[in-house]
Amino acid sequence: VTVTATADIKTYNGTTVSTAVPTVGTLAAGDAINVAPTQTFDNATVGTTHVLTASELTIKNGSTDVTDNYDISYATATGTINKMGVTVTAAADTKTYDGTTVSAAVPTVGALVAGDAINVAPTQTFDNATVGTTHVLTASELTIKNGSTDVTSNYDISYATATGTINKMGVTVT
């Protein structure tokens, strides 16, 4: 009997789990699936050419396990893992003019997959260094890791802006 994996598309979640259900060929009369087969992706990273492999089928007749009466073969399928979206949001900031676009505020990072962590924290900058109340703050430079592996490419990172103010710098003339 042949167990055939089913094509599957999912969003990156850090696992190889597939929710698609493999198909099972015809069983002998009176026999039934005891433990349904499952399937997994070959790895957990983003890509369009993953191999899905089915496994774990057991067969019964009544309450008797008859799996050993079958020559079970497993056929693979192709799967896709798409990037997971994460938003980095700049934080509002007010500073005194210092001639730079540096912002001391810290952007926030949306939820990451369990096991993934910020590798390089994002920073943010003002759009220019002049005094004003309608500055746009833009975040950038986030990288993500899982252990020591860079997994940034598994994410579709978007950056949301915030507004900022640069106040005049006081000068005392003596």
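Conventions we followed
- Throughout, a residue's number is its position along its own chain's written sequence, starting from 1.
- Given that this is a predicted model, residues contribute local features only at a pLDDT of at least 70 and side-chain atom pairs are listed and counted only at 80 or more, while totals for whole chains, interfaces and linings are drawn from all residues.
- The side-chain quantities take in all heavy atoms of the structure and omit both hydrogens and water.
- Note on definitions: salt bridges are taken to be side-chain nitrogens of Lys or Arg within 4 Å of carboxyl oxygens of Asp or Glu.
- Here's how the labels work: a residue is buried when its accessible area is under 20% of the maximum for its type, exposed when over 50%, partly exposed in between, all with a 1.4 Å probe on protein chains only.
- Only when DSSP finds a minimum of two bridges between them are two strands counted as paired.
- What counts as a helix is a DSSP run of H or I of at least four residues, what counts as a strand is a run of E of at least two, and both are numbered from the N terminus.
- The residues that make up patches have over 30% relative accessible area and no salt bridge, and they are joined within 9 Å when like-charged or within 5 Å when they are Val, Leu, Ile, Met, Phe, Trp or Tyr.
- Under the convention used here, a 1.4 Å probe and the Shrake-Rupley method define accessible areas, while residue burial counts only the protein chains that appear.

**Student:** Break down the pattern of salt bridges for me, citing the residues and quoting the values.
**Tutor:** Within the structure shown, the criterion is met by 1 salt bridge. A salt bridge links D98 to K95, with the shortest nitrogen-to-oxygen separation between them at 2.9 Å. A relative accessible area of 12% means that K95 is categorised as buried.

**Student:** Requested: an account of the sheet that holds strand 13 (residues 108-109), with residues and values cited.
**Tutor:** The strands that make up a sheet are held in pairs by hydrogen bonds between backbone atoms, and each pair lies either parallel or antiparallel. One open sheet holds the 3 strands; their spatial order is 13-11-19, and the pairing between them is mixed. The outermost strands of the open sheet, each flanked by one partner alone, are strand 13 and strand 19 (155-160). Across 6 bridges, the pairing between strand 11 (residues 84-89) and strand 19 is parallel. Within strand 19, the position partnered with T87 by the bridge is S158.

**Student:** Before we move on, could you go through a nonpolar patch on the surface and cite the residues and values that matter?
**Tutor:** Together, Y97, V131, M169, V171 and V173 give the surface a local cluster of nonpolar side chains, amounting to about 520 Å² of exposed area. With respect to the element layout, Y97 can be found in the loop between strand 12 (93-96) and strand 13. Classification of Y97 as partly exposed rests on a relative accessible area of 36%.

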